[in-house]
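The primary structure of each chain is shown beneath.
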Amino acid sequence: MTLTYIKFESQTYGEKAKQLLLKHKIKSHLRRNPNPNRKEGCNFALFVDGNIWTAFEIINNSHIKNLGVESFRERP
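Computed from a predicted structure; not experimentally measured.

The rules behind each value
- Residues numbered from 1 in each chain as written.
- Predicted model: local features only at pLDDT ≥ 70, side-chain atom pairs only at ≥ 80, totals over all residues.
- Heavy atoms only, no water.
- Core = buried A, V, L, I, M, F, W, Y, C linked by side-chain atoms within 4.5 Å.
- Buried < 20%, exposed > 50% of the residue type's maximum accessible area, 1.4 Å probe, protein only.
- Helix = DSSP H or I, 4+ residues; strand = E, 2+ residues; numbered from the N terminus.
- Contact = heavy atoms within 4.5 Å.
- Axes fitted to C-alpha atoms, helices over the stretch in contact; angles between N-to-C directions.
- Parallel < 35°, antiparallel > 145°, perpendicular 65-115°, else oblique.
- Left-handed = near helix turned anticlockwise from the far one by under 90°.
- Nonpolar A, V, L, I, M, F, W, Y, C, P; charged D, E, K, R; others polar.
- Phe/Tyr/Trp six-rings, centres within 6.5 Å; stacked < 30°, edge-to-face > 60°.
- Salt bridge = Lys/Arg side-chain N within 4 Å of Asp/Glu carboxyl O.

Caption draft 1: Structural context of the nonpolar core. Counting 16 residues, the largest nonpolar core has Ile 6, Phe 8, Leu 21, Leu 46, Val 48 and Ile 59 as the members making the most contacts within it. Listed by contribution, the elements that provide at least two residues to this core are strand S1 (2-8), helix H1 (11-23), strand S3 (44-48) and helix H2 (52-61). Per element, the largest residue contribution to this core is five residues, and it comes from H2. In contact with Phe 8, not counting residues within four places along its chain, are Tyr 13, Gly 14, Ala 17, Asn 43, Phe 44, Leu 46, Ile 59, Ile 64, Lys 65, Asn 66 and Leu 67.

In structure tokens:
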């Protein structure tokens, strides 16, 4: 299974993005990144119920600091 998510260096930025998306009626959930890059900080991942690119655009237009969109394939 491939997971696609928006990365954040801290939980605070992730929570801000989650609340912003909720205002746009887009549900999401925040958790620790399943494939973290320790050089980028704590690494939190925001999983979006819906179009990830629409959510990413909303977050970027609101200038919420993020580390981009990433995909990760879970191993069975």
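Moving on from the model shown.
Caption draft 2: Spatial organisation of the packing of H1 against H2. For the pair H1 and H2, the least separation of the axes is 10 Å and the interaxial angle reads 110 degrees. Regarding the angle of H1 to H2, the classification is roughly perpendicular. For the element pair H1 and H2, the recorded crossing hand is right-handed. Here H1 contributes Ala 17, Leu 20 and Leu 21 to the contact with H2, which in turn contributes Ala 55, Ile 58 and Ile 59. Residues belonging to the contact of H1 with H2 are distributed by class as follows: six nonpolar, no polar and no charged.

Caption draft 3: Main features of the packing of aromatic side chains. If you walk through the whole model with that rule in mind, you get two aromatic pairs. Measuring from ring centre to ring centre gives 5.2 Å for Tyr 5 and Phe 47, while their planes differ by 55 degrees; the resulting arrangement is tilted. With a gap of 42 residues between them, Tyr 5 in strand S1 and Phe 47 in strand S3 connect regions that are remote in the sequence. Here Phe 47 falls in the buried class, since its relative accessible area comes to 8%. Both rings, one in Trp 53 and one in Phe 56, keep their centres 6.1 Å apart while their planes meet at 90 degrees; by these two values the pair is edge-to-face. In this pair, Trp 53 and Phe 56 both sit in helix H2, three residues apart, roughly one turn of the helix.

Caption draft 4: Representation of the pattern of salt bridges. A full pass over the atoms with the stated rule returns two salt bridges. Between Lys 7 and Glu 70 there is a salt bridge, with the nearest N and O atoms lying 3.1 Å from each other. Taken together, the residues span a long stretch of sequence, with Lys 7 in strand S1 and Glu 70 in strand S4 (residues 69-73) at a distance of 63 residues. Both residues of the pair, Lys 7 and Glu 70, count as buried. Put simply, Glu 9 and Lys 65 hold a salt bridge, and the shortest N to O gap is 3.3 Å.

Caption draft 5: Quick look at unusual backbone geometry. The phi dihedral of Lys 25 falls on the positive side, at around 60 degrees, and the residue is not glycine. Examined against the element boundaries, Lys 25 turns out to sit in the loop between H1 and strand S2 (28-32). Lys 25 gets classed as exposed once you look at its relative accessible area, which sits at 75%. Non-glycine residue His 63 carries a positive phi angle of around 60 degrees. Within the secondary structure layout, His 63 lies in the loop between H2 and S4.

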